[in-house]
Amino acid sequence: MAAAWHSVLRCALVCGAFIIGIHSHELQHRRSASGQLPARSSSSASVGGGGAVRTSGRSILEASAVAASTDSAAEARCPALSRDLLQSVAKQNTVMLAVANEKQWDFTLNWLEHLQAAEISYAVVAAADVLTSQRLAALGQACFEHIDDEIPKLGLTWGEEGWRRMTWAKVFVLDMVADWGFDIVVSDVDVVWFKDPTPLFTEHPNADLLFGEDGTQSLNEAGDAGLEVTSSPFHDFNTGKVSQRVYLMRHGNRTTAWVHTWRQFFANCTKHDQHCAYDLMRDEPGDEKDAKDPRLHTGWKGQLWMGVMPPSIFMNAHTHYLQQLHKVKQVEPYAVHLTWTYNGAAGKRARLRDMGLWYDPPNYYSSGSFVTVDLDLPEARHQFAKPPGYNDWNENEDMVAFYLETIHAQLQQAYVGMALAVASKRAFVLPKLQCYCEKLWYGVVRCRVVDAQAMPFPVPCPQDYLFDPAHYADDPVGHGTPIDIRESSFLDNERTPQEVKESLLIIQPSAALQCTDCVKEEPGEGGIMLLMVPPALPDAQLLPLLEPYSSYRVWRFSFAGVGSTQRAYGGFSDAAAAQAFDRRMEWMTTDFCCRREEEAPRYHKTDAILVKLNMTSEFKYSAMSNAVTAQR
């Protein structure tokens with residue numbers, strides 16, 4: 001029975017959302033209201049007056065910038081954790097808790113922006129370092145210090161003891177507050193909240209614990225916004241690790257005892273907090289269902305009632321962005337948790353931008369000029385078109401091969417646009433690339449994760465499937481010319497000004513032009529100006545022709561007037577510039593993972609389980625520049 005419910009454990013990603021509802025039964029003996037955390041806490045200033053940031057009508061980002069510019073920003077710090085602090089921020093006896101540190105600061109600001117938009121005003125943040133404490137205090141955010149000086153000394157690499165202790169930070173905090181009588185929502189800062197989760201207490205009054213499933217499917221029918229119909233203690237639920245946690249906690253004897261036991265388990269369980277929670281919850285769980293709420297099951301020696309929230313409601317980056325499972329299931333989500341992403345914090349940030357859920361400063365949207373491309377090369381349309389019945393194919397290798405062919409053709413066209421963006425000193429807006437296969441940490445099954453076999457292709461390609469966003473602009477000497485990238489949703493984002501969106505010029509290289517130093521203006525679709533230019537011109541010839549049109553904020557490059565991608569634009573006149581650009585292209589692309597090892601011998605692909613993606617499958621500008629130099 002247990003094995004039937006136990007899906008593949010994904011140690012590297014920890015996805016889904018985890019909610020604890022501690023039911024209000026008899027109050028246990030309370031600890032001292034001023035009880036201190038196990039870690040060192042200090043304060044030189046107290047922050048009060050509710051959990052919402054005091055922004056005076058500003059956005060969180062604007063308020064943070066103002067706070068950072070004041071003299072007091074480096075003096076005030078968060079107070080110690082106390083019952084009085086929680087009482088000062090509580091709304092209907094409920095408090096939301098999060099832990100933040102310096103490396104997560106931009107995620108913390110993004111989290112606060114969404115809390116403000118969702119009108120969740122009862123948040124208090126545990127500052128894990130002095131700088132974060134100072135920033136939160138200056139911002140006016142309710143906070144307390146929870147600083148463990150030993151963590152950096154013990155190592156922060158995955159699997160090291162410092163990393164393990166960091167995964168347990170919120171458990172230590174919960175252990176201190178569990179007896180104080182508050183309902184508590186615990187959230188991580190890589191979560192976007194869409195609405196207040198506290199109504200779940202009322203909807204499931206007998207639930208002690210509610211978890212988000214660590215997976216990508218829900219068996220609930222469309223329109224069913226209840227608990228997962230297959231709820232079980234043997235689901236790979238999510239307590240999160242490091243910066244990936246979401247809990248709801250309502251005070252009561254049974255789950256308060258479980259929290260204290262979980263905290264005590266730290267000394268004996270050498271794994272991170274999530275796996276230790278698995279071990280506890282699955283310890284003689286029992287097999288009873290609640291009579292009034294039959295999707296609740298017993299757990300932890302039969303002492304708790306627990307249920308699982310489906311990933312259509314407590315979502316992850318896979319179910320929200322790729323599957324759009326909330327739309328498939330016709331339900332309204334509470335939150336999305338940025339798991340099922342790649343390339344660390346940079347990948348999470350990029351995925352949030354792809355989803356339109358990342359708040360950048362206003363100048364990110366309003367400053368500068370941009371280049372993008374239309375992916376409509378006539379000769380490649382057969383590649384981009386989905387073959388009849390593709391979503392029903394069963395041969396994994398055929399699907400992988402088709403995906404690699406189509407994504408490389410699309411990346412080659414993006415490469416041309418990126419070259420023009422770099423040469424013209426503009427940012428590049430990624431086109432809406434289409435993926436016909438997933439990226440995983442292990443072999444795909446019919447190009448999908450095993451429990452999302454119904455997901456239709458194509459899906460929008462997230463940046464972190466194709467690129468390492470941390471490599472867009474790092475180390476110019478070692479890795480070539482930096483490139484300023486905007487997400488594919490940039491021109492659809494409501495925060496991008498209309499004056500940017502409407503200042504649009506279509507640039508179309510045209511084989512019909514019989515000159516190398518002329519242009520032709522024509523009215524384009526929707527009244528947008530279409531500028532025809534000679535094909536295959538390098539930057540030294542093309543940019544002077546485009547100079548009179550530099551006031552257009554967005555140049556949209558079209559391949560419709562030429563016979564091949566290579567004929568659209570000649571790249572860099574300077575060989576060194578071409579080489580620097582190609583080094584960057586090579587550096588920023590990532591891998592496709594993975595073909596299935598057991599299938600690879602049958603297709604003679606044992607050396608291609610992992611495939612490095614390539615922006616230049618057809619041509620590269622450095623080779624073209626070298627050829628021109630050699631001819632001279």
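Remember, predicted model here, so these are calculated numbers, not experimental data. (Residues numbered from 1 in each chain as written. Predicted model: local features only at pLDDT ≥ 70, side-chain atom pairs only at ≥ 80, totals over all residues. Heavy atoms only, no water.)

Some details on the overall build of the protein
Reasoning step 1: Helix and strand counts for the protein come out as 23 helices and 23 strands.
Reasoning step 2: Within the structure as shown, the protein displays about 24500 Å² of accessible surface, and the carbon and sulfur contribution to it stands at 51%. (Helix = DSSP H or I, 4+ residues; strand = E, 2+ residues; numbered from the N terminus. Areas by Shrake-Rupley, 256 points an atom, 1.4 Å probe, with all protein chains shown as cover.)

Re the packing of aromatic side chains
Reasoning step 1: Counted according to the given criterion, the structure contains 30 aromatic pairs.
Reasoning step 2: For the pair Tyr 403 and Phe 592, a centre-to-centre distance of 5.6 Å together with 55 degrees between the ring planes defines the contact as tilted. Within this pair, whereas Tyr 403 is found in helix 17 (residues 396-423), its partner Phe 592 is found in strand 22 (residues 591-593), the two being separated by 189 residues in sequence. In this structure, Tyr 403 and Phe 592 share a single accessibility class: buried.
Reasoning step 3: Ring geometry for Tyr 415 versus Phe 581: centroids 5.3 Å apart, planes at 50 degrees, classification tilted. Of this pair, Tyr 415 sits in helix 17 while Phe 581 sits in helix 22 (residues 575-588), and the two are 166 residues apart along the sequence.
Reasoning step 4: Note on Tyr 415: relative accessible area 0%, which makes it buried.
Reasoning step 5: Residue class for Phe 581 comes out buried when judged on its relative accessible area of 1%.
Reasoning step 6: The ring of Trp 555 carries Arg 426 above its face, with NZ or CZ at 3.7 Å from the centroid. (Phe/Tyr/Trp six-rings, centres within 6.5 Å; stacked < 30°, edge-to-face > 60°. Buried < 20%, exposed > 50% of the residue type's maximum accessible area, 1.4 Å probe, protein only. Lys NZ or Arg CZ within 6 Å of the ring centre and 35° of its normal.)

A short note on helix 8 (residues 169-177)
Reasoning step 1: In terms of burial, helix 8 is largely enclosed, as 9 of its 9 residues are buried.
Reasoning step 2: Every buried residue belonging to helix 8 is among Ala 169, Lys 170, Val 171, Phe 172, Val 173, Leu 174, Asp 175, Met 176 and Val 177, and all of these are buried.

Remarks on the state of the cysteines
Reasoning step 1: In total, this model carries 6 disulfides according to the counting rule given.
Reasoning step 2: In this model Cys 435 forms its disulfide with Cys 461; the gap between the sulfur atoms is 2.0 Å. Between Cys 435 and Cys 461 the disulfide shows an S-S torsion of about 120 degrees. By sign, it is right-handed. Placement of Cys 435 in strand 15 (residues 434-435) and of Cys 461 in the loop between strand 16 (459-460) and helix 18 (463-466) is noted, with a sequence separation of 26 residues between them.
Reasoning step 3: On the basis of relative accessible area, Cys 435 is assigned to the buried category, the value being 0%.
Reasoning step 4: What makes Cys 461 buried here is its relative accessible area of 8%.
Reasoning step 5: Across the protein, the way the bonded cysteines pair up, counted in sequence order, is 1-2, 3-4, 5-8, 6-7, 9-10, 11-12. (Disulfide = S-S within 2.5 Å.)

Structural notes on the sheet that holds strand 12 (residues 335-337)
Reasoning step 1: Here 3 strands make up an open sheet; going across it, the order is 6-12-11 and the pairing mixed. In the strand order of this sheet, the two ends are held by strand 6 (191-193) and strand 11 (314-316), each with one partner. Averaged over all adjacent pairs, the angle separating strand axes in this sheet is 20 degrees, with direction ignored.
Reasoning step 2: Summarising the sheet, strand 11 and strand 12 pair through 3 bridges and their orientation is parallel. When the sheet's bridge partners are listed, Met 315 is paired in strand 12 with Val 336. (Pairing = 2+ DSSP bridges. Axes fitted to C-alpha atoms, helices over the stretch in contact; angles between N-to-C directions.)

Observations regarding the confidence of the model for the protein
Reasoning step 1: Across the protein, the average pLDDT comes to 86, with 85% of residues at or above 70.
Reasoning step 2: In the model, residues 1-49 has pLDDT below 50 throughout and makes 194 contacts with residues more than four positions away in sequence or in other chains.
Reasoning step 3: Note on residues 238-244: pLDDT is under 50 here. Beyond four places in sequence and across chains, it has 44 contacts. (pLDDT = per-residue confidence, 0-100. Contact = heavy atoms within 4.5 Å.)

Things to note about unusual backbone geometry
Reasoning step 1: Across the junction of Phe 457 and Pro 458, the peptide omega takes the value 0 degrees, indicating a cis bond.
Reasoning step 2: Relative to the helices and strands, Pro 458 is located in the loop between strand 15 and strand 16.
Reasoning step 3: For the peptide bond that leads from Cys 593 to Cys 594, omega is -5 degrees, which places it in the cis range.
Reasoning step 4: Relative to the elements of secondary structure, Cys 594 occurs in the loop between strand 22 and strand 23 (610-612).
Reasoning step 5: Despite not being glycine, Asn 93 has its phi angle at roughly 65 degrees, a positive value.
Reasoning step 6: One can find Asn 93 in the loop between helix 3 (83-89) and strand 2 (94-100).
Reasoning step 7: Look at Trp 300: it is not a glycine, yet its phi comes out positive at around 50 degrees.
Reasoning step 8: Inspection of the secondary structure puts Trp 300 in the loop between strand 9 (297-299) and strand 10 (304-309).
Reasoning step 9: Residue Trp 300 is classed as buried on the basis of its relative accessible area, which comes to 7%.

Looking at the side chain of Arg 446
Reasoning step 1: In this fold, Arg 446 is placed in the loop between strand 15 and strand 16.
Reasoning step 2: Buried within the structure, Arg 446 lacks any salt-bridge partner; its nearest side chain of opposite charge belongs to Asp 392, at an N-O separation of 5.0 Å.
Reasoning step 3: A polar contact is formed between the side chain of Arg 446 and the side chain of Asn 394, at a distance of 3.3 Å.
Reasoning step 4: Looking at Arg 446, its side chain comes within polar contact range of the side chain of Gln 453, at 2.9 Å.
Reasoning step 5: With near-sequence residues (within four places) excluded, Arg 446 lies in contact with Asn 391, Asp 392, Trp 393, Asn 394, Asn 396, Met 399, Gln 453 and Phe 457. (Lys, Arg positive; Asp, Glu negative; His and termini not counted. Salt bridge = Lys/Arg side-chain N within 4 Å of Asp/Glu carboxyl O. Polar contact = N/O pair within 3.5 Å; in protein donor to acceptor, adjacent residues only side chain to side chain.)

Re the pattern of salt bridges
Opposite charge on two side chains lets them pair, provided their charged atoms get close.
Reasoning step 1: A complete count under the given rule lists 23 salt bridges for this structure.
Reasoning step 2: Between Asp 279 and Lys 271 there is a salt bridge whose closest N-O contact spans 2.9 Å.
Reasoning step 3: Across the salt bridge formed by Asp 484 and Arg 486, the nearest N and O atoms sit 2.7 Å from each other.
Reasoning step 4: Judged by its relative accessible area of 41%, Asp 484 is partly exposed.
Reasoning step 5: Classification of Arg 486 by relative accessible area gives buried; the value is 7%.
Reasoning step 6: Overlapping salt bridges, with partners in common, bring together Arg 596, Glu 598 and Glu 599 in one network.

So, the environment of Met 418
Reasoning step 1: Summarising the element assignment, Met 418 is placed in helix 17.
Reasoning step 2: Exposure remark for Met 418: the relative accessible area of 0% places this residue in the buried category.
Reasoning step 3: A sequence separation of 12 residues divides Met 418 from Leu 430, and the C-alpha atoms of the two residues are 8.8 Å apart.
Reasoning step 4: The residues touching Met 418, leaving out its near neighbours within four places in the chain, are Phe 428, Leu 430, Phe 467, Ile 483, Ile 485, Phe 581, Met 585, Met 588 and Met 615.

Some thoughts on helix 10 (residues 253-264)
Reasoning step 1: In a regular helix each residue adds 1.5 Å, so 12 residues correspond to 16 Å; helix 10 covers 16 Å between its end C-alpha atoms and thus fits that length.
Reasoning step 2: Those residues of helix 10 that fall on the buried side of the exposure criterion are Thr 255, Thr 256, Trp 258, Val 259, His 260 and Trp 262. (Expected span 1.5 Å × (residues − 1).)

Digging into the pairing of strand 21 (residues 554-557)
Reasoning step 1: As defined by bridge partners, strand 13 (residues 370-373) adjoins strand 21 across 4 bridges and the pair is classed as parallel. The residue of strand 21 that forms the bridge with Thr 372 is Arg 556.
Reasoning step 2: In this structure, strand 18 (residues 504-509) lies alongside strand 21, joined through 4 bridges in parallel fashion. Residue pairing for strand 21: Leu 505 is matched across the bridge by Trp 555.

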